[in-house]
Amino acid sequence: MSPSTPLSAHRIPTLPESMYYIPNFISSAEESALLDKIPPNRWTPLAHRRLQAHPTSLHQGHTLLSLFAQTPHQAPNHCLINEYLPGQGIMPHEDGPAYAPLVATISLGSALVLDVYDKTEEGGRGERLGRVLCERGSLLVTEGEAYTATLHGIEGCKVDGDLGPGTVANWELLGDPEAFPDGKNERERRVSLTYRDVLRVAKIGAGILGVGRR
Ligand SMILES: O=C(O)CCC(=O)C(=O)O
Ligand SMILES: [Fe+2]
């Protein structure tokens, strides 16, 4: 995402405003370095994936910072790391109001498909609006109505099938569509880093230190 290509050039068409897909956001050397940095002993096991949550601060000039220019802390302060083995996924859900409505997701290790669904008035899962193919090293940015009015999930399958220009919302934005010549993606271990701005982080801190309620 160089200054010569504005974020708007990466907007995923056909999905609510706005999701942006930036292929090759990091190099494979950076991908390996990030994977190596993830502490091996901090995983919380869940039924269908593992995760770890970390406070985070990004150094000035980090490319992700500019995305958060309008959020309350003007920077992400939290990074959730999810690991999915082939066959694992995450149920359709929304990320909710604890965060500023902006998520930046870096994909490491393997490509997979993230499904985006309409949110019903009751907050449930509506029709599927589109499929986003997240390649390794890519960045997916979700903000605005796409954050507040849709759900997202990852099917627990070993192979993503039926991939092509008519079935993948970000097909034209992919870095290497030729990597899926038969319309298939055999999943490998995929790790996602999701950066967010947690709104009430200061109050939570005060609560933990025991001074919040006095
Ligand atoms: O792994 C992903 O890309 C999605 C993770 C996610 O939806 C979440 O952590 O809330
Ligand atoms: Fe999520």
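Residues numbered from 1 in each chain as written. Chains lettered and ligands numbered in written order. Predicted model: local features only at pLDDT ≥ 70, side-chain atom pairs only at ≥ 80, totals over all residues. Heavy atoms only, no water.

Asker: Any chance you could explain the site of ligand 1 here in plain terms?
Answerer: Taken together, Leu80, Asn82, Tyr84, Ile90, His93, Asp95, Thr105, His152, Ile154, Arg190, Ser192 and Arg196 make up the full set of residues near ligand 1. Side-chain polar atom of Asp95 to an oxygen atom of ligand 1: 3.1 Å apart, as the coordinates give it. Isolated, ligand 1 exposes 300 Å² of accessible area, and the fraction of that covered by the protein chains is 92%. More than half of the atoms of ligand 1 fall within 2 Å of the grid points belonging to the second largest pocket. The set of elements that each furnish at least two residues to the shell around ligand 1 consists of strand S4 (78-84), strand S5 (90-93), strand S10 (150-154) and strand S13 (190-196). Of the residues contributing to the shell around ligand 1, the split by class is four nonpolar, five polar and three charged. (Near = heavy atom within 4 Å. Polar contact = N/O pair within 3.5 Å; in protein donor to acceptor, adjacent residues only side chain to side chain. Areas by Shrake-Rupley, 256 points an atom, 1.4 Å probe, with all protein chains shown as cover. 1 Å grid on protein atoms, 1.4 Å probe; cavity = no way out; pocket = protein on both sides within 12 Å on 5 of 7 lines; lining within 4 Å. Sits in = over half its atoms within 2 Å of the grid points. Helix = DSSP H or I, 4+ residues; strand = E, 2+ residues; numbered from the N terminus. Nonpolar A, V, L, I, M, F, W, Y, C, P; charged D, E, K, R; others polar.)

Asker: Help me understand the packing of aromatic side chains in this model?
Answerer: The geometry of two aromatic rings is summed up by the distance between their centres and the angle between their planes. One pass over the full model with this rule turns up zero aromatic pairs. Lying over the aromatic face of Tyr99, Arg196 brings its terminal NZ or CZ to 4.7 Å of the ring centre. (Phe/Tyr/Trp six-rings, centres within 6.5 Å; stacked < 30°, edge-to-face > 60°. Lys NZ or Arg CZ within 6 Å of the ring centre and 35° of its normal.)

Asker: Looking at this structure, how should I read the coordination of the iron ion (ligand 2)?
Answerer: Six octahedrally arranged donors around a metal ideally form angles of 90 or 180 degrees; four tetrahedrally arranged donors ideally form angles of 109.5 degrees. Binding of the iron ion (ligand 2) to the protein goes through His93 (NE2), Asp95 (OD) and His152 (NE2), at separations of 2.0 to 2.2 Å. Each donor residue of the iron ion (ligand 2) lies on the same chain, and together they follow the pattern H-x1-D-x56-H. Taken as a pair, Asp95 in the loop between S5 and strand S6 (102-108) and His152 in strand S10 lie far apart in primary sequence, 57 residues in all. (Donors = N, O, S within 2.8 Å, 3.2 Å for Na, K, Ca; no water.)

Asker: How should the sheet that holds strand S3 (residues 50-55) be read in this particular structure?
Answerer: The strands making up a sheet are joined through hydrogen bonds of the backbone, oriented either antiparallel or parallel. Taken in spatial order, the seven strands make up an open sheet running S1-S9-S6-S13-S4-S3-S2, and their pairing is antiparallel. Across the chains shown, the open sheet's two edge strands, defined by having one partner strand only, are strand S1 (19-22) and strand S2 (44-45). As defined by bridge partners, S2 adjoins S3 across two bridges and the pair is classed as antiparallel. Counterpart to Thr44 in the pairing with S3 is Leu51. (Pairing = 2+ DSSP bridges.)

Asker: Would you mind showing me how to read the confidence of the model for the chain here?
Answerer: As a general rule, the predicted coordinates of low-pLDDT regions are not to be interpreted in detail. Predicted confidence across the chain gives a mean pLDDT of 92, with 92% of residues reaching 70 or more. Throughout residues 204-214 the model reports pLDDT below 50, and contacts reaching past four residues in sequence, or to other chains, amount to three contacts. (pLDDT = per-residue confidence, 0-100. Contact = heavy atoms within 4.5 Å.)

Asker: Explain the sheet that holds strand S8 (residues 125-134) to me, please; I cannot follow it from the model alone.
Answerer: In spatial order, the strands read S5-S10-S7-S8; together these four strands make up an open sheet with antiparallel pairing. Two strands in the sheet have a free side with no partner beyond their single neighbour: S5 and S8. Neighbour to neighbour, the strand axes of the sheet diverge by 20° on average, direction disregarded. Looking at chain direction, strand S7 (residues 112-119) and S10 are connected through four bridges and run antiparallel. Across the sheet, residue Asp118 finds its bridge partner in S10, namely Thr150. (Axes fitted to C-alpha atoms, helices over the stretch in contact; angles between N-to-C directions.)

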